[in-house]
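Listed below, chain by chain, are the residues.
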Amino acid sequence: MEGRNEKFSRKRSFTFGAYGGIDKFITGNESSCAESVGHSILDILDSPSSEAKPLTSAPSSQKVTELFAIIEKLQGSRLDEQRCEFPPPLRTRLLKIGDGLPLILPPKSGGYWIDPPLDRHVETSPTLSQGGFGLESYDIMERDSEAKVYQEFFRHRYHHSFTACDPSLGPLVLSVCLEEEENRLRVILRMKECSVHATFSVSLFQQFPTAVELAKMLCSSVSVTCFEAVSYLKAPEIIMAFDEHRVSQNFKFGILYQREGQLTEEDILSNNEESEEFLEFLSILGHTVKLQGFTGFRGGLDVSRGQTGNEAVFTSFHGREIMFHVTTKLPFTEGDTQQLQRKRHIGNDIVALVYQEGNTPFISDVIRSHFLHCFIAVRRIKRENEGEGGDGGSFQVCVTAREDVPPFGPPLPTPPIFTEGSVLREFLLTKLINAEISCYKAEKFSRLELRTRSSLLEALRSELSSRSQCMLGEPSQPSIPLTEVGRSVPEGGGGFIENFKRAIRVRSHSFDTLGVPKKAGGVAGQRPKDGESEQTSNMGYAETRGQTSPQDDL
C-alpha cells in the first residue's frame, strides 16, 4: 500500500431502461429523423456496461480503521447512494415516440438494404427502376428465362442433341433444331454456369455448320473438337427434366406476428393469440385450411398426423400455389424460449412477411437464420382523412433484404400505403414471389445452385452417352428394357431421373455450402412417408444459437 494510490471501481449492471444508454436516448432530440432514432435504439441494445467513477483509497499512513470504513461504505451506504428513480424502460419510450419510428430498422452491423430508404437524402428507391405503379406493372419474375425454351421450341419438333466434355468448361449438352418455315437454326447450349440460347439464319452459312461450330458461336470458350450424337429415344424427357429443374409453381413463405413492444425473436415467436386485425390481414392473403387430409401444396407441413398444427393459410395465385407458415398456427412448446417447432419452418423459409400491431419497428436481423434473406413488413395505419368510425383499412409496407439480394419489383408506391385489400394482395403476393426468385441470386444460394447444376449436368451428359451407346448395341453396355425407362428404382440405382431426384434432395443437406456445421444423426437422401412433415427426417439451416433444425422440402 505504500507509495501508491489504489483505485477501487465497480461495474454497474446494464438493463433496458437503466443508466447511461437510456439517459443518452432520453435526452436526444425526439424530433430527429427516423434513422437517428433507429441508431439510438440500436446503441441501447448493444451498449456496454458503464463505469462508475473510481474511488481513491486512503494513504497508507491513515489508520486501518479508515480503510475498513471505506470498504463498509462501498458495501453498504454506497448502495443507498446509488438508488434512484429509473427512467422508463425502452419499450415504454418506443410507445411515446410512436409514429416517429419506421416499420423496419437496419441492424447496427449493417448488411441490409431497406425500401423505402431511411436516409432522406436518398432519392431513389431500390426498386424504383422497375417503373410503373399500377397493377399492370405487377409482373412475376422468371427464375430461369431459358428453362422453357426446350419444351416450347424443341420438344415436339424434329431435332438433334449432342454431348461433350470440354477440358475447361466441363460437361456440355447441345440441342439443335431446324425451323424450316423460318429458314433458321435454333440452338441451345447447356453449361455448368448457365444455358445459352440463340437462333441463326441458315443463309449465314455456306454449308451446314457442325455441332462444334454452333457451340463456339454461342460460347467462344468452347475448345472441344467433336461432339457425340445422342441417339437415345427418351432423351427429350430427361433433357427437359434438367432444363426445368429450377422451375416451380409452388412457394412457401413465413408470416411473423409482431405485437407492440416486441423486439426480440423469442417475443415474436411466442405469440399465440390472434387479434381480429391480424386474422383480417390473413384473410387478404388467402384462406385458412385444415391440414388434415389437405391435398394441395403443403410447403413441408404435416397433413396426416398433425405434427405441424391443425391449420394453415393457403392460396392460389396466377397458376401458382402458395402455403404460408404462420407462427401463431404452428405448434407452441411450453418452456421453449426459442420455439424450435416454429423456428424450423420460419427459419427455413427464404422470405417472410411481418405483420405489425403497434409502432414497434422490426430489426432486419432479429430472426437468426441462414435461409431468411428478405422481410416485408406490413402495418395498418389510420390516415388523416379516415374518421373515428372508419375501418382503418390503410396499410403501410416496407421491404428489407440482405445487401447481396438484387432489387426486385413491383416498386412501392409513394407513399408506400395501400387503401384497397385487393391491390395489397396483388402487390404482396407478387412481391413475395419476386423476392424469393431474387434471393436465389444472393451469394449463398447462387453457390449452392451452381454446385447442384454442375452435378446434374454431368449426370445428364453421362446418362445420354451411356443410353445412346446402349441403343447402338455397344457390347459393354447392358440392354435396358423400355419398361424400365423413367421407372423409380431402389436407392443407389436408376438413371438420370433418379439421380436428379437424389441431387435435389442432397441439395437440402449441403451444410458446408452455407457454412453450417452438420448435425449428427441426419441421413442424406432419407425422405419422410407421404403426408408426414419433412422435419422428422431432413436437417435444415435455421440458426438457433448454435443448433440446427429440420428443413422442409425445397
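Rules used throughout
- Residues numbered from 1 in each chain as written.
- Predicted model: local features only at pLDDT ≥ 70, side-chain atom pairs only at ≥ 80, totals over all residues.
- Heavy atoms only, no water.
- Helix = DSSP H or I, 4+ residues; strand = E, 2+ residues; numbered from the N terminus.
- Buried < 20%, exposed > 50% of the residue type's maximum accessible area, 1.4 Å probe, protein only.
- Contact = heavy atoms within 4.5 Å.
- Areas by Shrake-Rupley, 256 points an atom, 1.4 Å probe, with all protein chains shown as cover.
- Pairing = 2+ DSSP bridges.
- Axes fitted to C-alpha atoms, helices over the stretch in contact; angles between N-to-C directions.
- Parallel < 35°, antiparallel > 145°, perpendicular 65-115°, else oblique.
- Left-handed = near helix turned anticlockwise from the far one by under 90°.
- Disulfide = S-S within 2.5 Å.
- Core = buried A, V, L, I, M, F, W, Y, C linked by side-chain atoms within 4.5 Å.
- Salt bridge = Lys/Arg side-chain N within 4 Å of Asp/Glu carboxyl O.
- Nonpolar A, V, L, I, M, F, W, Y, C, P; charged D, E, K, R; others polar.
- Arc of directions from axis to C-beta.
- Expected span 1.5 Å × (residues − 1).
- pLDDT = per-residue confidence, 0-100.
- Phe/Tyr/Trp six-rings, centres within 6.5 Å; stacked < 30°, edge-to-face > 60°.
- Polar contact = N/O pair within 3.5 Å; in protein donor to acceptor, adjacent residues only side chain to side chain.

### Here we look at the overall build of the protein chain
Reasoning step 1: Each helix and strand counted, the protein chain has 15 helices and 18 strands in total.
Reasoning step 2: Relative to its 554 residues, the protein chain shows a buried fraction of 49%.
Reasoning step 3: When contacts within the protein chain are restricted to residue pairs at least 6 apart in sequence, long-range pairs at least 24 apart make up 67% of them.
Reasoning step 4: When the accessible surface of the protein chain is totalled, it reaches about 27,300 Å², and 50% of it is carbon and sulfur.

### Comments concerning the pairing of strand S8 (residues 195–201)
Reasoning step 1: Looking at chain direction, strand S7 (residues 184–190) and S8 are connected through 7 bridges and run antiparallel. Bridging from a neighbouring strand, Ile 188 pairs with His 197 of S8.
Reasoning step 2: Taking the residues between adjacent antiparallel strands as the criterion, S7 and S8 are bridged by 4 residues.

### Some thoughts on the packing of helix H10 (residues 276–285) against helix H12 (residues 421–439)
Reasoning step 1: Closest axis-to-axis distance for the H10/H12 pair is 9 Å, and the angle between their directions is 65°. Relative to H12, the element H10 lies roughly perpendicular. Between H10 and H12 the crossing geometry is right-handed. Along its contact with H10, which presents Phe 281, Ile 284 and Leu 285, the element H12 presents Gly 421, Leu 424, Arg 425, Leu 428 and Leu 429.

### Quick word on the state of the cysteines
Reasoning step 1: Tallied over the entire structure, the rule returns 0 disulfides.
Reasoning step 2: Not engaged in a disulfide, the cysteine Cys 194 finds its nearest cysteine sulfur in Cys 219; these two sulfurs lie 8.0 Å apart.

### Some points on the nonpolar core
Reasoning step 1: Membership of the largest hydrophobic core comes to 44 residues, with the highest contact counts inside it found for Phe 281, Phe 324, Leu 353, Cys 374, Val 397 and Leu 428.
Reasoning step 2: In terms of residue count, the dominant contributor to this core is H12 (9 residues).
Reasoning step 3: Not counting the four nearest positions on each side in its chain, Leu 428 is found in contact with Phe 281, Leu 285, Leu 353, Ile 376, Val 378 and Val 397.

### A short note on the pattern of salt bridges
Reasoning step 1: One pass over the full model with this rule turns up 21 salt bridges.
Reasoning step 2: Between Lys 343 and Glu 265 there is a salt bridge, and its shortest N-O distance comes to 3.3 Å. Separated by 78 residues along the polypeptide, Lys 343 in helix H11 (residues 340–346) and Glu 265 in helix H9 (residues 265–269) bring together distant segments of the chain. For the pair formed by Lys 343 and Glu 265, the shared burial category is buried.
Reasoning step 3: Linking Lys 329 and Glu 274 is a salt bridge whose minimum nitrogen-to-oxygen distance equals 3.4 Å. With a gap of 55 residues between them, Lys 329 in the loop between strand S13 (320–326) and H11 and Glu 274 in the loop between H9 and H10 connect regions that are remote in the sequence.
Reasoning step 4: For Lys 329, a relative accessible area of 12% corresponds to the buried category.
Reasoning step 5: Classification of Glu 274 by relative accessible area gives partly exposed; the value is 25%.
Reasoning step 6: Residues joined in a network through salt bridges with shared partners are Arg 157, Glu 179, Glu 181, Arg 184 and Arg 186.

### Considering the packing of helix H8 (residues 235–243) against helix H13 (residues 443–471)
Reasoning step 1: Look at H8 against H13: their axes get within 10 Å of each other, and the N-to-C directions meet at 175°. When the axes of H8 and H13 are compared, the pair comes out roughly antiparallel. Residues Ala 235, Ile 238, Ile 239 and Phe 242 of H8 form the contact with H13, whose own contacting residues are Arg 453, Leu 456, Leu 457, Leu 460, Glu 463 and Leu 464.
Reasoning step 2: Tallied by class, the residues present in the contact of H8 with H13 amount to 8 nonpolar, no polar and 2 charged.

### A look at helix H7 (residues 211–218)
Reasoning step 1: Residues of H7 that are buried: Ala 211, Val 212, Leu 214, Ala 215 and Leu 218. All buried residues of H7 project into a common sector of 165° when viewed along the axis, lining one side.
Reasoning step 2: At its buried positions, H7 is contacted by strand S5 (159–166), strand S6 (170–179), S7 and S8.

### Some points on H13
Reasoning step 1: For H13, spanning 29 residues, the distance from its first C-alpha to its last is 42 Å, which sits close to the expected 42 Å at 1.5 Å a residue.
Reasoning step 2: Where H13 terminates, the next one or two residues include Gly 473, which has phi positive at roughly 80°.

### Notes on the confidence of the model for the protein chain
Atom-level detail of predicted coordinates should not be read off regions where pLDDT is low.
Reasoning step 1: Per-residue pLDDT for the protein chain has a mean of 75; in total, 62% of the residues score no lower than 70.
Reasoning step 2: Considering only residues more than four positions removed or in separate chains, one finds that residues 48–58, a stretch of pLDDT under 50, has 23 contacts.
Reasoning step 3: Note on residues 81–98: pLDDT is under 50 here. Beyond four places in sequence and across chains, it has 36 contacts.

### Topic: the sheet that holds S7
The strands that make up a sheet pair up through hydrogen bonds in the backbone, lying either parallel or antiparallel.
Reasoning step 1: Spatially, 5 strands are ordered S8-S7-S6-S5-S9 in an open sheet, and the strand pairing comes out antiparallel. Sheet topology places S8 and strand S9 (228–229) at the edges, where each strand pairs with a single neighbour.
Reasoning step 2: As paired elements, S5 and S9 share 2 bridges and run antiparallel to each other. Across the sheet, Phe 162 pairs through a bridge with Ala 229, a residue of S9.
Reasoning step 3: The strands that H13 touches are S5, S6, S7, S8 and S9; relative to S6, the one it contacts most, it runs at about 65°.

### Focus: the environment of Thr 414
Reasoning step 1: On the secondary structure map, Thr 414 appears in the loop between strand S17 (394–402) and strand S18 (417–418).
Reasoning step 2: Taking the C-alpha atoms as reference points, Thr 414 and Pro 116, 298 residues apart in sequence, are found 9.0 Å from one another.

### Description of the packing of aromatic side chains
Reasoning step 1: Considering all chains together, one arrives at 14 aromatic pairs under this definition.
Reasoning step 2: Centre to centre, the rings of Tyr 257 and Phe 278 are 4.2 Å apart; their planes meet at 10°, and the pair counts as stacked. Remark: Phe 278 occurs in helix H10 and Tyr 257 occurs in strand S10 (residues 250–258); sequence separation between them is 21 residues. The residues Tyr 257 and Phe 278 share a single accessibility class, namely buried.
Reasoning step 3: Measuring from ring centre to ring centre gives 6.4 Å for Phe 281 and Phe 395, while their planes differ by 45°; the resulting arrangement is tilted. Remark: Phe 395 occurs in strand S17 and Phe 281 occurs in helix H10; sequence separation between them is 114 residues.
Reasoning step 4: Among the residues examined, Phe 281 registers a relative accessible area of 0% and is labelled buried.

### Quick look at the side chain of Asn 348
Reasoning step 1: With respect to the element layout, Asn 348 can be found in the loop between H11 and strand S14 (351–356).
Reasoning step 2: Engagement of the side chain of Asn 348 in a polar contact is seen with the backbone oxygen of Arg 344, the distance being 2.5 Å.

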